[in-house]
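Structure at a glance
The residues making up each chain are set out below.
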Amino acid sequence: MWEKQILSETSIIWGSLPAQSLVNNQKITHNIIQCYVNYKPNRFGDIKLDYLQDQQWVMDFVREHYKVEYGFTLIAISQYCKVDKPHERSVKRHYLDYYNLSNSPDFSLLYFVKGKGNLIIEWNDHRHKHGYWTIPIEAGKYVLFNSDLNYYLEESPTNELRMYLNFNCQLK
């Protein structure tokens, strides 16, 4: 008889907040603009994010659904916002800190507040290198993925700002 043990899993989970959600993207947009004015971005363009109940509701929604589906709790260890100008693309990056693995996030959660484009997430699967998954961006969509995966946002196809939240999470 054969036995099999799955050693690890790489996943991308995405969806949209339900229509009856109380999350107000207008309030989040206003908070992001205030943070953009008040704080200096890091080298990736991430901006410190001030607390707002609507942002917490996004994290709560994803955390509760993840716990019900997979039995683990996502604990946010950092949160940022990002503003992409019209026709701007992001840099390719991931959130695993090789020099501090114990404090690195297990998952990253992106929540798109406004704007369009595509999120590209790259991964390697043993011999099969350079795999990628494309997810169209729209307001109200969230994407949760392993923090060691490289990702980037393609050029914004519109003349409006693209805004999104980033929560980095550990599993408990």
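The rules behind these values
- Residues numbered from 1 in each chain as written.
- Predicted model: local features only at pLDDT ≥ 70, side-chain atom pairs only at ≥ 80, totals over all residues.
- Heavy atoms only, no water.
- Helix = DSSP H or I, 4+ residues; strand = E, 2+ residues; numbered from the N terminus.
- Buried < 20%, exposed > 50% of the residue type's maximum accessible area, 1.4 Å probe, protein only.
- Areas by Shrake-Rupley, 256 points an atom, 1.4 Å probe, with all protein chains shown as cover.
- Pairing = 2+ DSSP bridges.
- Axes fitted to C-alpha atoms, helices over the stretch in contact; angles between N-to-C directions.
- Disulfide = S-S within 2.5 Å.
- Expected span 1.5 Å × (residues − 1).
- Contact = heavy atoms within 4.5 Å.

A few words on the overall build of the protein. Broken down by element type, the protein carries two helices and nine strands. Traced from its N-terminal end to its C-terminal end, the protein shows the element sequence β-α-β-α-β-β-β-β-β-β-β. Considering only C-alpha atoms, the protein reaches an extent of 60 × 35 × 30 Å along its principal axes. Taken over 172 residues, the protein has a buried fraction of 40%. Summed over its atoms, the accessible surface of the protein is roughly 10,600 Å², and 52% of this surface lies on carbon and sulfur atoms.

Hydrogen bonds along the backbone pair up the strands of a sheet, which may run parallel or antiparallel. Strand order across the open sheet formed by three strands is 6-5-8, with antiparallel pairing between neighbours. With one partner strand each, in any of the chains shown, strand 6 (128-137) and strand 8 (151-153) form the two edges of the open sheet. Looking at each pair of strands side by side, their axes are set apart by 20° on average, direction ignored. As paired strands, strand 5 (residues 117-125) and strand 8 are joined by three bridges and run antiparallel to one another. When the sheet's bridge partners are listed, Ile120 is paired in strand 8 with Tyr152.

For the rest of this paragraph, the subject is the state of the cysteines. Simply put, the disulfide is a covalent bond whose two ends are the sulfur atoms of two cysteines. Tallied over the full model, the rule gives zero disulfides. No disulfide involves Cys81; its sulfur sits 5.0 Å from the nearest other cysteine sulfur, which is in Cys35. With no disulfide partner, Cys169 has as its closest neighbouring cysteine sulfur the one in Cys81, 16 Å distant. The class for Cys169 is buried, based on a relative accessible area of 0%.

Here we come to helix 2 (residues 53-70). Across its 18 residues, helix 2 extends 25 Å between first and last C-alpha, which sits within 8% of the 26 Å expected from 1.5 Å per residue. Within the sequence span of helix 2, burial applies to Asp54, Gln55, Val58, Met59, Phe61, Val62, Arg63 and Tyr66. Structurally, helix 2 contributes buried residues whose contacts are with strand 1 (12-16), helix 1 (25-38), strand 3 (74-84), strand 4 (107-114), strand 7 (141-146) and strand 9 (162-171). At the C-terminal side of helix 2, Gly71 shows a positive phi close to 80°.

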